[in-house]
Amino acid sequence: MSLFGSLYTSVSGLSAQSQATSIISNNIANVNTTGFKRSEAAFAALVTVESASAKYSPGAVKVHRLQQIDQQGQIAQTGSSMDVAIAGDGFFTVRAENSLDLTGDFKYTRNGQFFEDEEGILQNSAGMYLYGWEVDPQYGDPNMGPDGT
């Protein structure tokens, strides 16, 4: 094992711990941010190959950020009648254009803070329009498209 190998292993460990601390700090800073989902640090060992010149190769460590976007957040009552929440699985479908054309760039969010624009259409604070489809009144099918089919 060379001196460089020993130092690299130590530096990779310190770097991974630094990134994990940053992830925890971000979680704490955003604890009261609406719709924020915490992240976790997952450590992975990097294994190196032993060579003939070195009997021991120490390897290194790496950290991966895991975002918990599919977890249920806290549901709280607000003063706005336009705010909605999803209990369980699912996302709100939003997009920048207010159009019935279904070929646009749709995005998904769990932040349910909406307000009515001047035309009475629901928007979020990012200016994205909420999209939804009518439920089939006869069968209760939520997969009915915006054109009624």
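Note that the structure is predicted; figures quoted are calculated from it, not measured.

A.B. asks: What should I look at first to understand the pattern of salt bridges in this one?
C.D. replies: In a structure, side chains of opposite charge can pair up when their charged atoms sit close to one another. On inspection of all chains with the given rule, the structure shows three salt bridges. The salt bridge partner of Glu40 is Arg38, with a shortest N-O separation of 2.5 Å. On the basis of relative accessibility, which here comes to 33%, the residue Glu40 falls in the partly exposed class. Judged by relative accessible area, Arg38 falls into the partly exposed class, the value being 36%. Note that Lys107 is salt-bridged to Asp105, the shortest N-O span being 3.1 Å. Lys107 sits in the partly exposed class, given a relative accessible area of 38%.

A.B. asks: Explain the side chain of Asn27 here, please?
C.D. replies: Topologically, Asn27 is positioned in helix α1 (residues 3-29). With relative accessibility at 17%, the residue Asn27 sits in the buried group. Within the structure, the side chain of Asn27 is placed 2.8 Å from the backbone oxygen of Ser39, a separation counted as a polar contact. Excluding residues within four positions of it along the chain, Asn27 makes contact with Phe36, Arg38 and Ser39.

A.B. asks: So what exactly am I meant to see when it comes to the environment of Gly59 here?
C.D. replies: Tracing the backbone through its elements, the reader meets Gly59 in the loop between β1 (39-46) and β2 (60-67). Linking Gly59 and Ser12, residues 47 residues apart in sequence, is a C-alpha distance of 9.2 Å.

A.B. asks: Would you take a moment to explain α1 for this structure?
C.D. replies: Given 3.6 residues to a turn, an α-helix orients residues that are three or four positions apart in the same direction. Taking 1.5 Å per residue, 27 residues should reach 39 Å; α1 reaches 39 Å between its end C-alpha atoms and fits that length. Listing the buried residues of α1 in full gives Gly5, Ser12, Ala16, Ala20, Ile23 and Asn27. For α1, the elements touching its buried residues are β1 and β2.

A.B. asks: Could you clarify how one ought to interpret the packing of aromatic side chains in this entry?
C.D. replies: Two aromatic rings are characterised by how far apart their centres lie and by the angle between their planes. Per the stated rule, a full pass over the model turns up two aromatic pairs. Ring geometry for Phe92 against Phe114: centres 5.5 Å apart, planes inclined by 80°, an arrangement best described as edge-to-face. With Phe92 in strand β3 (residues 92-95) and Phe114 in the loop between β4 (107-109) and β5 (115-116), this residue pair connects regions lying 22 residues apart in the sequence. Judged by relative accessible area, Phe92 falls into the buried class, the value being 11%. Note on Phe106 and Tyr131: the rings are 5.3 Å apart at their centroids and 90° apart in plane angle, and the pair reads as edge-to-face. Remark: Tyr131 occurs in strand β7 (residues 129-131) and Phe106 occurs in the loop between β3 and β4; sequence separation between them is 25 residues. For the pair shown, Phe106 and Tyr131 are each scored as buried.

A.B. asks: I would appreciate a short explanation of a nonpolar patch on the surface in the present structure.
C.D. replies: Taken together, the side chains of Ile69, Phe91 and Tyr108 present a nonpolar region at the surface, about 340 Å² in accessible area. Inspection of the secondary structure assignment puts Tyr108 in strand β4. The class for Tyr108 is exposed, based on a relative accessible area of 56%.

Cut-offs used in this document
Residues numbered from 1 in each chain as written. Predicted model: local features only at pLDDT ≥ 70, side-chain atom pairs only at ≥ 80, totals over all residues. Heavy atoms only, no water. Salt bridge = Lys/Arg side-chain N within 4 Å of Asp/Glu carboxyl O. Buried < 20%, exposed > 50% of the residue type's maximum accessible area, 1.4 Å probe, protein only. Helix = DSSP H or I, 4+ residues; strand = E, 2+ residues; numbered from the N terminus. Polar contact = N/O pair within 3.5 Å; in protein donor to acceptor, adjacent residues only side chain to side chain. Contact = heavy atoms within 4.5 Å. Expected span 1.5 Å × (residues − 1). Phe/Tyr/Trp six-rings, centres within 6.5 Å; stacked < 30°, edge-to-face > 60°. Patch = residues over 30% accessible without salt bridge, like charges linked within 9 Å, V, L, I, M, F, W, Y side chains within 5 Å. Areas by Shrake-Rupley, 256 points an atom, 1.4 Å probe, with all protein chains shown as cover.

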